[in-house]
Amino acid sequence: MFRTANNVFINGGTFTDHHQHNQGTSSSVRGMSIACLRLTLLTSQFIFPAAIDRLMEAASLGALYNSGERFDPPKCHANTRTAVLKNLMDLFIGHFGWDNFVLWLYGPAGAGKSAIAQTLAELWAAKNRLLASFFFSRSDLRRNNEKAFVATLAYQLWLHIHESRPIIEAVINNNPAIFQLNFDTQFRTLFVNTLLQLSRAGRFASGTPFPNLIIVDGLDECNGADIQNTILNTISNALQHHRSALPFRILIASRPKYHLTISFSVAPLHTLTFRLALDDTYRPDNDIKLYLTDSFHDIRKKHIMRAHLPDSWPLEKYIVKLVAQSSGQFIYAATVIRYVSSPQCNPLDRLKVIQGLLPVNDDDRPYAQLDILYINILSGVKDVKAVLRILGVAIVLTKINVKPLAVNNLELFMQLIPGTVQLLLIDLLSVVDASDNNKPIKFLHASFSDFLLDPTRSREIFIDPSKSHKEAAHFCISAIESLDIATPLPKLAYQSLVRHLQLAGHLHDNATLQEKISKVPYVQHWSTYVLTLMDQPLIHYGSLIEDPGMFLEFLQTSEFSQMEELYLHHRGILDQRLRKCLALTPIRPYLAFWTAVCASGILESNQVVSLETFWALSDSLAADLSSSVPGFLFFASFDQSKVGSMRRRPPWYDLYRITGTPYLRMVMEFLNDPSRAGPHTVDQSTYTMAAVFAVEFAVRAWDEAKSPSGKQWSFIWDAFAFMLSKAEYSPELVDTLCKHNLTFNLGRPRPDMRYRVQTLYGAVRNYLLKFKGSIPSPFQITINGTGYSNELLVGCFTAEDLDDCSDWWGTSRVFYVDESILPSDQDTHEPAGK
């Protein structure tokens, strides 16, 4: 009966003396029963432990800022987060405003909220101004729920304000089951009522400072959104009804989860709360760089391998890169330092693992802490599959360097109901931001996407990039089919379809995608798509390499099954459009010249063709350049043959670089293939007509359209020589080239001046020998580069004149050349640029 009793005193009572025969009177029995009753009554107060013992048992002392269970808690590195801490100190000292009882410090996961809360708790405790703290933790059963929350606050109130002790103990003694009651009852009777009694007694009315700050960190790590909202609502209701009596401040730190954002945005918390976002306003990159620099310095001074660590390790550029990878979140930098500083490993090698220069050991994961964080965050997502699908498409779009889609356009692209992205990502607000429909999804952690794309880290929630590229390719094809020019989807689709297909991996068994590729109106819709771009100012058409040529080139070289059939199908569509455009263009010498240029490959060695070159080598009487230079030969707009339309002006109005594109290569193949081009095939007669046009241009006098400025002359020299080498007999050509005073009014070619002069002279000489049988004797060509100058200082080309470094525009601008410039060991039949 008394086995567990301590300090039991028996006062009074009647005892019966038993003899050896065990005979006792009835009065003695009654006396012993009374004694037992009295003993029971007198010792009943010892059945329950003392109130403070019960309070400590109900509390979670591991949640205190200075708890031994939280050994080495995260806190701000020296001289970092100074602006945030100063702001918080100023707010709590008095610049806060009496209407703001709560300060909500919020930011993404790993931004350093707990470190700031811990540092602030230590600073405020040193001033004897910290009333209570509670640090929630998802992984601690005593700190991941609300059951011990009120008891922990009440214990610290009991500890720091002595006048509260009898009040709290009385509450516990009067209701021993207080800790089994609901949260609201506990908070009101144990905490709020105690503070109200102290307030009525004048405890907070004097000018003497008293502990007045309560810090609650990681509210989002308390199990259940309903519980988190209950805590907030209970606190706000108490503060709302007792504003003047409770001169306290509460700091609540958490991630900006949707339900918490809503709670802080509605009454009464909305009017009671001051918000402080832990974002780029406080320039976290500077603090992270300081933390990394100091931490690496400590490693160099304290690590067992310090004798082997150079003073310059790591280089500044590597620290800068780590800062960028941190994305403003301290957790990444802290994870790196924790991994690199391990005393059992070489810091040099470990940093190389972080940099990707050494492979990761399966038993030694550098980002283990980050991975746990991300897995915990994703574990709270309801439809993980749908979320990963959205994130996968968003990630691969950025990987191919296209402009990210805004949330509303991403929903259009992925054919989702408006609002779906924000709804599905609502539980990921601590790592991604999709709050603005008009902005792209923002990954708050650069390492989060790295985690998702690494199967060794994310495992079953791994995003396979090849699958995401396949999905994106499906959506691109749908966007090209619908061609909704009121959205940016056609531009995205044309820019990225081929790249997605290239990165989608093996598609031999993907019959659905191959079927969609066979039916996509890529070529048919291209012209309409480009016309929408022409309305945009400063658009650089020449940079649009995502033209039909690129699509056809992919089909021609990929390893799809039945790909040749797909290639021929779409190539046939392109050929049909080219034939239609050529049929609409009047046959003129300048058309022959430009088709010959496209068929010859000359443009491949002349990457820039200037606007003035097109004007010079076209119909000078045409009202619009597009009526004399068929732009569709260079650029896949397909409608440049429409005369006089400024809306459909050719691409060289805005950008002159048109060479080196897959489309131009496809056009060259088309023009040289009679089975494809039919009557428009470039043959010897075409080159002859082009040569006549080129020679007439060369001998034409200088005029405004034939200005010698710019880099056009290298192209003209090459084209002139090539056309002559391909031309058949033409009386016009023979007569012109046989003139005694043959003068070419041409500017200086550059570079390779020596070779171009030799080639041009050789082309003229060889043409005359081939079709006339001889050349005039003596035969020379005068090259006039004076432009508008009337001063002609004539001289013969010398070796120095043929040097690219010489100043050809110096003392003499008119030269003549003869057979002496031809090298004896060079085949002058081969034109330049081949």
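Let me sum up the structure you'll find in this document. Just so we're clear, the structure is a prediction, and the values are computed from it rather than from any experiment.

**A few points about the packing of helix α32 (residues 712-726) against helix α34 (residues 753-771)**
Working step 1: For the pair α32 and α34, interaxial distance at closest approach is 9 Å and the crossing angle is 25°. Comparing their axes, α34 and α32 come out roughly parallel. The chirality of how α32 crosses α34 is left-handed. Residue-level inspection shows Ser714, Trp717, Asp718, Phe720, Ala721 and Leu724 of α32 in contact with α34, the latter providing Arg756, Val757, Thr759, Leu760, Ala763, Val764 and Tyr767.
Working step 2: Grouping the amino acids of the contact of α32 with α34 by side-chain chemistry returns nine nonpolar, two polar and two charged.

**What to know about the nonpolar core**
Side chains of a nonpolar character, in soluble globular proteins, are inclined to be buried together.
Working step 1: Judged by nonpolar contacts, the single largest core of 162 residues is most densely connected at Phe413, Phe593 and Phe715.
Working step 2: With 10 residues, α32 is the largest single contributor of residues to this core.
Working step 3: If near-sequence neighbours (up to four positions away) are discounted, Phe593 is found in contact with Leu617, Ala690, Phe693, Ala694, Phe715, Ala719 and Met723.
Working step 4: With 57 residues, the next largest nonpolar core counts Ile52, Ala59, Trp158 and Ile178 among its residues.

**Some words on the pairing of strand β2 (residues 130-135)**
Working step 1: Counting buried positions along β2 yields six of six residues, so the element is predominantly enclosed.
Working step 2: Judged from the five bridges that link them, β2 and strand β3 (residues 213-217) form a sheet pairing that is parallel. The residue bridging Leu130 from the neighbouring strand is Leu213, located in β3.

**Topic: the side chain of His469**
Working step 1: Topologically, His469 is positioned in helix α21 (residues 465-482).
Working step 2: Judged by its relative accessible area of 4%, His469 is buried.

**Some words on the packing of helix α22 (residues 489-503) against helix α25 (residues 548-557)**
Working step 1: For the pair α22 and α25, interaxial distance at closest approach is 9 Å and the crossing angle is 15°. Accordingly, the angle class assigned to the pair α22 and α25 is roughly parallel. By crossing handedness, the relation of α22 to α25 is classed as left-handed. Contacts between α22 and α25 involve Leu497, Val498, Leu501 and Gln502 on the former and, on the latter, Met550, Phe551 and Phe554.
Working step 2: Across the contact of α22 with α25, the residue classes tally to six nonpolar, one polar and no charged.

**Some remarks on the sheet that holds strand β5 (residues 273-277)**
Working step 1: The parallel open sheet is built from five strands, whose spatial order is β2-β3-β4-β1-β5. Edge strands, defined here as strands with exactly one partner in the open sheet, are β2 and β5. With direction set aside, neighbouring strand axes in the sheet form an average angle of 15°.
Working step 2: Its contacts with the sheet place helix α4 (residues 113-126) against β1 (102-106), β2, β3 and β4 (249-254), and it is angled at close to 160° to β3.

**Structural notes on the packing of aromatic side chains**
The relative placement of two aromatic rings is captured by the distance of their centres and the angle of their planes.
Working step 1: This structure, assessed with the given rule, holds 36 aromatic pairs.
Working step 2: An angle of 55° between the planes, with centres 4.6 Å apart, marks the rings of Phe134 and Phe136 as tilted.
Working step 3: Accessibility expressed as a relative area gives 4% for Phe136, which makes it buried.
Working step 4: Measuring from ring centre to ring centre gives 4.9 Å for Phe204 and Phe210, while their planes differ by 35°; the resulting arrangement is tilted. In terms of burial, Phe204 and Phe210 fall into one category: buried.
Working step 5: Members of the aromatic cluster, joined through ring pairs, are Phe134, Phe136, Phe149, Phe183, Phe187 and Phe191.
Working step 6: The cationic tip of Arg70 hangs over the ring face of Phe135; the distance from NZ or CZ to the ring centre is 4.1 Å.

Thresholds, definitions, all that
Residues numbered from 1 in each chain as written. Predicted model: local features only at pLDDT ≥ 70, side-chain atom pairs only at ≥ 80, totals over all residues. Heavy atoms only, no water. Axes fitted to C-alpha atoms, helices over the stretch in contact; angles between N-to-C directions. Helix = DSSP H or I, 4+ residues; strand = E, 2+ residues; numbered from the N terminus. Parallel < 35°, antiparallel > 145°, perpendicular 65-115°, else oblique. Left-handed = near helix turned anticlockwise from the far one by under 90°. Contact = heavy atoms within 4.5 Å. Nonpolar A, V, L, I, M, F, W, Y, C, P; charged D, E, K, R; others polar. Core = buried A, V, L, I, M, F, W, Y, C linked by side-chain atoms within 4.5 Å. Buried < 20%, exposed > 50% of the residue type's maximum accessible area, 1.4 Å probe, protein only. Pairing = 2+ DSSP bridges. Phe/Tyr/Trp six-rings, centres within 6.5 Å; stacked < 30°, edge-to-face > 60°. Lys NZ or Arg CZ within 6 Å of the ring centre and 35° of its normal.

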